[in-house]
Structures are given as C-alpha cells and as structure tokens.
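# Summary of structural features
Listed below are the residues making up each chain.
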Amino acid sequence: MATKRFKELKNLSKDELVTKIRETEAEMFQAKMKKTTGQLTDTASLWRFRKDVARMKTLQSIQKAAR
C-alpha cells in the first residue's frame, strides 16, 4: 500500500506537493490534539500521517536535486 501512495504522490507538481504536505501536517496536528484529549480512536492514524509526510518530503528533496 505504501508504494501505491508513493506512486500517486510522484505525479503531483511541486506546488501540489507543498500543499499536500501542509494539509497532512495540519491533519496530524489535529489528530495529536484529539489523542491528548482522549478523543482519538484510531491511534494508528498518527503513524500513517508521519509516514506520509516523510514520503512527501522525500519526493520534495528528490525534485530539488533533479533541478
């Protein structure tokens, strides 16, 4: 499943990738706040958000190196 997400992210432009990173980081922040207050039921979502952000930042650095 991780490779599927990576392939989908590969097709994004630089601006779309930056926007997607910001959105995912905001979702991750909200999930962290819910976990702190005890409202988060799916704690694995935090792990997924972290991994997705790492994938996107890796793609971003690859794109910068390709310039």
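That block above? That's the structure.
First, a word on what this report is: a plain description of the structure on this page. (Residues numbered from 1 in each chain as written. Predicted model: local features only at pLDDT ≥ 70, side-chain atom pairs only at ≥ 80, totals over all residues. Heavy atoms only, no water.)

A few words now on the nonpolar core. Formed by M28, A31, L40, L46, F49 and V53, the largest nonpolar core amounts to six residues. Put simply, the parts of the chain that give this core at least two residues each are α2 (14-37) and α3 (44-65). The contacts of M28, once residues within four sequence positions are left out, are L46, F49, R50 and V53. With five residues, the next largest nonpolar core counts L9, L17, I21 and M56 among its residues. (Core = buried A, V, L, I, M, F, W, Y, C linked by side-chain atoms within 4.5 Å. Buried < 20%, exposed > 50% of the residue type's maximum accessible area, 1.4 Å probe, protein only. Helix = DSSP H or I, 4+ residues; strand = E, 2+ residues; numbered from the N terminus. Contact = heavy atoms within 4.5 Å.)

Turning to α3, a few remarks are in order. Spanning 22 residues, α3 covers 32 Å between terminal C-alpha atoms, matching the ideal 32 Å at 1.5 Å per step. Three or more residues of α3 are buried, namely S45, L46, F49, D52, V53, R55, M56 and L59. (Expected span 1.5 Å × (residues − 1).)

In this section: the side chain of S45. Within the fold, S45 resides in helix α3. On the basis of relative accessibility, which here comes to 11%, the residue S45 falls in the buried class.

Estimated volume of the largest pocket: approximately 180 Å³. Looking at the lining of the largest pocket, the elements that each hand over two or more residues are α1 (2-10), α2 and α3. Ranked by residue count, the leading element in the lining of the largest pocket is α2, at four residues. Of the residues assigned to the lining of the largest pocket, the class counts are three nonpolar, one polar and six charged. (1 Å grid on protein atoms, 1.4 Å probe; cavity = no way out; pocket = protein on both sides within 12 Å on 5 of 7 lines; lining within 4 Å. Points joined across faces, edges and corners; volume = space filled by probe spheres on them. Nonpolar A, V, L, I, M, F, W, Y, C, P; charged D, E, K, R; others polar.)

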